[in-house]
Amino acid sequence: MKCPICEKGILKKEIIKEYMFGFYLGEFPAEICSGCNESFTDSITTKEIEKIARKKGLWDLGATTKITKTGNSLAVRIPKKLADYLNLKDGKKAYLHPEKDKLIIESEP
Ligand SMILES: [Zn+2]
């Protein structure tokens, strides 16, 4: 079968390791494109991955937020769900650094 994304590669059945936000979810059957490397899972597997992600509290953790100005700095509002998951609290210290074009916020333990 041809890849629906790049329309060049051939899909091959493989077992893939699935991650969400860097957390390991498990191994699942998928079809991998020999061209663009995109992976495709069937609807049953996709539901199973969602179920595991929900169980681990990872589902819906990603969120869009607005960057606001505060004095000369910028502030990022962190949704409660995400703050709770990472145990971020008001007044807690965090270390900020870039990782390529991403902003990493590491809370102190
Ligand atoms: Zn492809």
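Residues numbered from 1 in each chain as written. Predicted model: local features only at pLDDT ≥ 70, side-chain atom pairs only at ≥ 80, totals over all residues.

Asks: Would you explain the overall build of the protein in this entry?
Replies: Summing up its helical and strand segments, the protein has two helices and seven strands in all. Taking 13 Å as the expected radius of gyration for a compact globule of 109 residues, we find that the protein reaches 19 Å, considerably beyond that expectation. By principal-axis analysis of the C-alpha atoms, the protein measures approximately 55 × 30 × 20 Å. Looking at the protein as a whole, 2% of its 109 residues qualify as buried. (Helix = DSSP H or I, 4+ residues; strand = E, 2+ residues; numbered from the N terminus. Rg over C-alpha atoms; globule rule 2.2 N^0.38 Å. Buried ≥ 20, exposed ≤ 12 C-beta atoms within 10 Å, placed from the backbone.)

Asks: Just checking my understanding: could you explain the pairing of strand 7 (residues 102–107) for this structure?
Replies: Remark: a regular strand shows side chains that alternate across the two faces of the sheet. Strand 7 sits mainly on the outside: zero of its six residues count as buried. Where strand 6 (residues 94–99) lies against strand 7, six bridges are found, and the strand directions are antiparallel. Within strand 7, the position partnered with Ala-94 by the bridge is Ser-107. The turn joining strand 6 and strand 7, which pair antiparallel and follow one another in sequence, is formed by two residues; a positive phi near 55° is taken by Lys-100. (Pairing = 2+ DSSP bridges.)

Asks: Whenever I open this one, unusual backbone geometry confuses me. Can you help?
Replies: The bulk of non-glycine residues show a negative phi, and the bulk of peptide bonds are trans. Residues other than glycine seldom take positive phi values, yet Glu-7 does so here, at roughly 60°. Mapped onto the elements, Glu-7 comes out in the segment before strand 1 (11–20). With phi around 50°, Phe-21 is a residue other than glycine that occupies positive phi space. For Phe-21, the position within the fold is in the loop between strand 1 and strand 2 (23–33). Assessed through the 10 C-beta atoms surrounding it within 10 Å, Phe-21 is described here as exposed.

Asks: Any chance you could explain the sheet that holds strand 2 here in plain terms?
Replies: Working definition: the strands of a sheet are paired by backbone hydrogen bonds and lie parallel or antiparallel to each other. Within the open sheet, the three strands sit side by side as 1-2-3. Their pairing is antiparallel. Either end of the sheet is taken by a strand with one partner, and the two such strands are strand 1 and strand 3 (39–40). Note: strand 1 against strand 2, ten bridges, orientation antiparallel. Counted as the bridge partner of Glu-18 is Gly-26 from strand 2. In this fold helix 1 (residues 43–55) packs onto strand 1 and strand 2, with an angle of close to 165° to the strand it touches most, strand 2. (Contact = placed C-beta atoms within 7 Å. Axes fitted to C-alpha atoms, helices over the stretch in contact; angles between N-to-C directions.)

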